[in-house]
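Below, each chain spelled out in residue letters.
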2 protein chains.
Amino acid sequence: MELSATAKVILGMLAARPRSGYEIKQLVDNSTRFFWAASYGQIYPELKRLEKAGLISGTDAPHGGRQRTVFDLTREGRKRAEEWISRPPEVFELRDEGLLKLFFAGVTDAARTPEIARERAAHAHVIAGRLREVERSLDLDGDGGPAVSPDAGSLTTLRYGIELNEWAAAWFERAADELEQGAAEAAPAKTNA
Amino acid sequence: MELSATAKVILGMLAARPRSGYEIKQLVDNSTRFFWAASYGQIYPELKRLEKAGLISGTDAPHGGRQRTVFDLTREGRKRAEEWISRPPEVFELRDEGLLKLFFAGVTDAARTPEIARERAAHAHVIAGRLREVERSLDLDGDGGPAVSPDAGSLTTLRYGIELNEWAAAWFERAADELEQGAAEAAPAKTNA
DNA sequence: TTAAGCATGTAAGGTGTTACATGATTGA
DNA sequence: TCAATCATGTAACACCTTACATGCTTAA
């Protein structure tokens, strides 16, 4: 049985400790969401599949009358998770509408390429800001010292996200400047003094 | 009618000039593939949908007995394409298995985080190399001068891809060094002199 | 008492890949 | 003549999001 995208994130999240489907979703949403998302519609069915396959096992753990199932890795599940993590990465997919627009604007409306590059820069800036907030919330976690003490791996991915987006914002701003210059040189009549 | 992901890339590709489905696929594969992919299974059905919606129109253009349909934007299609390009970008999706592994390795096997970071660096390096080849093939296009003379927009996206991946490769190498140092400090007994 | 959050789940529909099928043309 | 490439298309399947449905608990 091949691990699906959702199976990978579930096994990884359970490697630290047992969790419910709901908890997994919350965790994904404020950690891996930017590079590996998952919805309820994927998580709950996948939990059942993984249990049937013997990689995880669920235990009833109600809160009062509120139903709750907590899943833990089986020995086999832990083996699979560790084996997966140790293999070199394969999946890398990107869908970047800003780049696509920039790509086409060169043909349809070269004059607006600088503007599009700046919009893409602004977008990167917003993402960097959101990630910075996550970082701050980790620093202040609880009420003083670092309550959860995020491990080195997750901190590294967070910093990567922040620095990557800041780099991209700067890059697109510079590209916009250059595109403006190029346009000015190519068509000086337009800015005729 | 909302534009699907494939509709966007088709309209954009047709903005420069009329093309067949096959040509669109080739173009996508050696230009936007890294940030906006499309398969035949999407392209051909989408061409039919777009024609039915009146955004493109097909003309028979066989090569000998080899069937071929070339599509062009209608006036309405061009309007939609330009309008789409002028709106700020919305879609930005990423699926990065290397980051996910790094994220989890902090918990399951902190000692291997540097190795995983280096694998991710190597991956970025490979992508940068492939894009550099595309860039070189543009320079040498045909047999001397730049035959196709890529426009500013597409050149910008290509350079972005190259520089982004080179930046990422360097970033992950540095992160690997730091993770190694951190591990050495946290568990000095292991490297006990 | 009521809103927010905890908790689980499914149905419908869209998106996308892969593999397959067909057949013509071109160059080695 | 044979492989590569041009060219179109579909069927099966996997993936994923959104919206909806249900019901409990906690704090305002």
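The written sequence of each chain sets the order in which its residues are numbered from 1. To read the labels, note that chains go from A and ligands from 1, taken in the order they are written. Only residues with pLDDT of 70 or above have their local features reported here, since the model is predicted, and side-chain atom pairs are shown and tallied only from 80 upward, although totals for entire chains, interfaces and linings are computed over all residues. The basis for the side-chain values is all heavy atoms of the structure; hydrogens and waters are excluded.

Student: What is the right way to look at the domain arrangement of chain A in this model?
Tutor: Often, the extent of an interface is quoted as the loss of accessible area on bringing the components together. In this document the domain limits rely on a domain assignment from an automatic tool or a database. Each domain of chain A was delimited in the assignment, giving domain 1 (5–86) and domain 2 (97–186). Summarising the inter-unit geometry, the C-alpha centres of domain 1 of chain A and domain 2 of chain A are found 31 Å apart.

Student: What exactly am I supposed to notice about the relation of the copies chain B and chain A here?
Tutor: When the copies are overlaid, the least-squares fit takes in C-alpha atoms only where the residue has pLDDT of at least 70 in both copies. By a simple turn and slide, chain B fits onto chain A: the slide is 0.0 Å along the axis, the RMSD is 0.1 Å, and the turn is 180 degrees. The superposition operator between the copies reduces to a two-fold rotation axis. Residues of chain B ranked by C-alpha distance from the rotation axis are headed by L94(B), positioned 2.4 Å from it. Mapped onto chain A, 100% of the interface residues of chain B again fall at the interface, so both copies present the same surface. Throughout, a residue-residue contact means that at least one pair of heavy atoms, one from each residue, lies within 4.5 Å.

Student: So what exactly am I meant to see when it comes to the protein's contact with DNA strand D here?
Tutor: Think of it this way: one heavy atom of a residue within 4 Å of a molecule or strand is enough to make that residue near it. Around DNA strand D sit 21 residues, and of these G65(A), Y22(B), R68(B), T69(B) and R95(B) come closest. Here DNA strand D approaches the protein such that, of its atoms within 4 Å, sugar and phosphate make up 68%. Between N or O atoms, a polar contact is any pair within 3.5 Å; within protein, one atom must be a potential hydrogen donor and the other a potential acceptor, and residues adjacent in sequence are included only when both atoms are from side chains. A distance of 3.4 Å separates a phosphate oxygen of DNA strand D from a polar backbone atom of G21(B). Contacts to DNA strand D include R66(B), whose side-chain N or O atom sits 3.3 Å from a sugar or linking oxygen. At the level of elements, α1 (5–16) and α3 (40–52) of chain A together with α2 (21–29) and α3 (40–52) of chain B are the ones that each hand at least two residues to the surface near DNA strand D. A helix here means a DSSP run of H or I that spans at least four residues, while a strand means a run of E at least two residues long, and both kinds are numbered starting from the N terminus. With four residues, the top contributor of residues to the surface near DNA strand D is α3(B). All residues other than Ala, Val, Leu, Ile, Met, Phe, Trp, Tyr, Cys, Pro, Asp, Glu, Lys and Arg, Gly among them, are scored as polar; the first ten of these are nonpolar and the last four charged. Here the residues of the surface near DNA strand D sort into four nonpolar, 12 polar and five charged.

Student: Could you clarify how one ought to interpret the side chain of R120(A) in this entry?
Tutor: When you line up the elements, R120(A) lands in helix α6 (residues 113–139). Look past the residues within four positions of R120(A) in its chain and what remains in contact with it is D96(A), G98(A), L99(A), F172(A), F92(B) and Y160(B).

Student: Help me understand the pattern of salt bridges in this model?
Tutor: Two side chains with opposite charge may pair up if their charged atoms get near one another. Put simply, a salt bridge is a Lys or Arg side-chain nitrogen that is within 4 Å of an Asp or Glu carboxyl oxygen. Applying the stated rule across the entire model yields 38 salt bridges over all chains. The salt bridge involving R174(B) is made with E163(A); its shortest N-O contact spans 3.7 Å. Placement of the pair is R174(B) in helix α7 (residues 152–186) and E163(A) in helix α7 (residues 152–186), with the two residues belonging to separate chains. Think of it in three bands: with a 1.4 Å probe and only protein chains considered, a residue is buried below 20% of the maximum accessible area for its type, exposed above 50%, and partly exposed in between. Among the residues examined, R174(B) registers a relative accessible area of 43% and is labelled partly exposed. Each of R118(A), E173(A), D177(A) and E180(A) takes part in salt bridges that share partners, so that together they form one network.

Student: So what exactly am I meant to see when it comes to the protein's contact with DNA strand C here?
Tutor: Taken together, 23 residues lie around DNA strand C, and Y22(A), T69(A), R95(A), Q42(B) and G65(B) are the ones closest in. Near the protein, within 4 Å, the atoms of DNA strand C are sugar or phosphate in 66% of cases. In this structure, a base nitrogen belonging to DNA strand C sits 3.0 Å away from a side-chain N or O atom of R66(A). Within the side chain of R95(A), an N or O atom sits 2.3 Å from a phosphate oxygen of DNA strand C. Only α2 (21–29) and α3 of chain A together with α1 (5–16) and α3 of chain B provide two or more residues apiece to the surface near DNA strand C. Here the element with the most residues in the surface near DNA strand C is α3(A); it accounts for four residues.

Student: How should I be thinking about the packing of helix α5 (residues 97–108) of chain B against helix α6 (residues 113–139) of chain B in this particular structure?
Tutor: Angle between the axes and distance between the axes: these two values describe a pair of packed helices. Residue and element names in this part refer to chain B. Throughout, an axis means a line fitted to C-alpha atoms (over the contacting stretch in the case of helices), and angles, computed between N-to-C directions, take values from 0 to 180 degrees. Orientation of α5 relative to α6, taken along the N-to-C sense of each, is 175 degrees, at an axis distance of 9 Å. Of the possible angle classes, the one that applies to α5 and α6 is roughly antiparallel. Judged by residue contacts, G98, K101, L102, A105 and G106 of α5 engage T113, I116, A117 and R120 from α6. Across the contact of α5 with α6, the residue classes break down as four nonpolar, three polar and two charged. Every angle not falling under 35 degrees, over 145, or within 65 to 115 is termed oblique; those three ranges are roughly parallel, roughly antiparallel and roughly perpendicular.

Student: Is there a simple way to think about the interface of chain B and chain A in this case?
Tutor: At the interface, 62 residues of chain B touch 62 residues of chain A. Applying the counting criterion to the chain B and chain A interface returns four salt bridges. The salt bridge involving E97(A) is made with K8(B); its shortest N-O contact spans 3.0 Å. On the surface where chain B and chain A come into contact, there are 21 residue pairs in polar contact (both at pLDDT 80 or more). Among the secondary structure elements, those contributing two or more residues to the side of chain B that touches chain A are α1, α4 (75–86), β4 (92–96), α5, α6 and α7 of chain B. The element that contributes the greatest number of residues to the side of chain B that touches chain A is α7(B), accounting for 16 residues. Tallied by class, residues from the side of chain B that touches chain A come to 34 nonpolar, 12 polar and 16 charged.

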